Every structure is written in C-alpha cells, then in structure tokens.
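# Structural overview for review
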Amino acid sequence: MESLALVFSSGWASGINAYLVVLVLGVADRVNGFSQIPDVLMRWDVLTVAGFLYAMEFIADKIPYIDSSWDAISTAIRPTAGAVIGVLLAGDASTLDQAVLGAVGGGTALLSHLVKAGGRLAINSSPEPVTNIGASLAEDVAVFGVVAFAINNPEAAAAIAAVFLIIGLIGLYFVAKLVRRGWRRWKKKDPIAASI
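The following refers to the structure shown. (Residues numbered from 1 in each chain as written. Predicted model: local features only at pLDDT ≥ 70, side-chain atom pairs only at ≥ 80, totals over all residues. Heavy atoms only, no water.)

## Quick word on the overall build of the protein
The test is simple: By definition, any uninterrupted DSSP run of H or I lasting at least four residues is a helix, any uninterrupted run of E lasting at least two residues is a strand, and each is numbered from the N terminus. Summary of the burial criterion: residues with accessible area below 20% of their type's maximum are buried, those above 50% are exposed, and those between are partly exposed, where the area comes from a 1.4 Å probe applied to protein chains only. Throughout, a contact is declared for two residues whenever any of their heavy atoms are within 4.5 Å. All accessible-area figures derive from a Shrake-Rupley calculation using a 1.4 Å probe, and residue coverage is judged against the displayed protein chains alone.
Scanning the protein from N- to C-terminus turns up 7 helices and 0 strands. Sequence-ordered secondary structure for the protein, helices as α and strands as β, is α-α-α-α-α-α-α. Taking the principal axes of its C-alpha atoms as reference, the protein extends roughly 65 × 35 × 25 Å. By residue count, 42% of the 196 residues in the protein fall in the buried class. Considering only contacts within the protein whose residues lie at least 6 apart along the sequence, 72% involve residues at least 24 apart. Accessible area of the protein: about 10400 Å², with a carbon and sulfur share of 74%.

## Focus on the packing of aromatic side chains
Applicable threshold: Stacked, edge-to-face and tilted labels apply to pairs of Phe, Tyr and Trp rings (six-membered ring for Trp) whose centres lie within 6.5 Å, assigned for plane angles under 30 degrees, over 60, and everything in between, in that order. Geometrically, a lysine NZ or arginine CZ counts as sitting over a ring once it is within 6 Å of the ring centre and also within 35 degrees of the ring normal.
All told, the structure shown has 3 aromatic pairs when counted by the stated rule. In this structure, Lys62 is placed above the aromatic ring of Phe58, and the distance from its NZ or CZ to the ring centre is 3.6 Å.

## Details of the environment of Pro129
Looking at the secondary structure, you find Pro129 in the loop between helix 4 (95-123) and helix 5 (130-152). You can call Pro129 partly exposed: its relative accessible area is 41%. It is 7.6 Å that separates the C-alpha atoms of Pro129 and Lys62, two residues lying 67 residues apart in sequence.

## Regarding the pattern of salt bridges
Rules: We count a salt bridge whenever a side-chain nitrogen from Lys or Arg sits within 4 Å of a carboxyl oxygen from Asp or Glu.
Tallying each qualifying case throughout the model produces 10 salt bridges. Close ionic contact of Lys116 with Glu139 constitutes a salt bridge, the shortest N to O distance being 3.3 Å. Here the residue Lys116 occupies a position in helix 4, and Glu139 occupies one in helix 5, the gap between them amounting to 23 residues. Lys116 gets classed as buried once you look at its relative accessible area, which sits at 4%. Across the salt bridge formed by Arg120 and Glu139, the nearest N and O atoms sit 3.0 Å from each other. Taken together, the positions of Arg120 in helix 4 and Glu139 in helix 5 put the pair 19 residues apart, joining distant regions of the chain. Exposure remark for Arg120: the relative accessible area of 1% places this residue in the buried category. Shared partners join several salt bridges into a network, and the residues in it are Glu57, Asp61, Asp67, Asp71, Arg78, Lys116, Arg120 and Glu139.

Dropping the structure here:
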C-alpha cells in the first residue's frame, strides 16, 4: 500500500490525459530508473504508442466539439488506463493490494474524467476556441506537473490531486445546477412544450 499516493495521483491524471501519464512515467523510468515505476512503461513500443495517442489527443483536445467527442470515446479508456497503471504500480503486491490499487486508480480516473468531460461541455457553449485551447493547455500542464511531482513526492502530489478533484467536482455540481435551471426556463418559454 506504499504506492497508494502515486496511484491516486496517476489515477487523477489518467482521467484527464492517460497517454501523457504513461509518457511521463515511462520517460522518467527510462531516464532515471525509478524503482516504483514498472519497467513495462519504459518500453519503446509503449512509449511510441503513448506518444502517438498523446499527439492525437493534444490536437483533438483543442478543437471545440471534437474535444467532447474525444472525451466520449475516452470514457472507457481513461478509467481503464488508471486502473491498469494502479495495478502495475502495485508491483508484486498481494492480489488484494492490486485490486485495491486498481480500484483507486480507476475510480479516481473516472471521477476526474467526468469533471473534464463535463467542464468541456460547458466550455463548448462559448463561441470562441480560446477557452478550449486554454483549458486544454492548463490540463496538460497540471497532468505533467502532478505526475512528475508524484514520482519523488507522492503524498504531496496526492494532496494536490485531491484538491484539484474536489474543486472540479464542486465546479461540475454548480455547472449542472446552472444547466438544469436554464433547461427549466427554456421549457417554460417554449410554446411547443407549453401546448403539449
């Protein structure tokens, strides 16, 4: 269970950009040989595929509505990647430890993915692409920073990831309330809905 903090941080980050997480962990292990990072992540084939998919996500994530489509596709990928990374970080731990770390990684990735996808839907309501590009770059910087920091300072990085997750969930709650309120107002003003 020593890996719990690193799993939580990488799970949060995987929910936002799983491919960047694999790249940061894999390159860090290849350059410095960290014992807590599984060697499978530093393999050239893994890094090549992660790099290609990250490049695709980097572009898709900056384009309004394309980013939401990409997020819809990633709904299955990001939590799964978070769970797999959690199990890999458990190393040769017992089966229970691997299951717990997999659940923590996947669950955290799912929550942060929902925050990202919901926030992007709200951002897409603005007619200009600047907010999308800014949000995407901020996400990439946050993922890179948290995962890179987590390699040497897992507890502090987990605390930062937890704060980001809580802020995101609270923000998503308020956005959902605004959308619901707007939907109710629209339904009241809609003459077709009023006549039915």
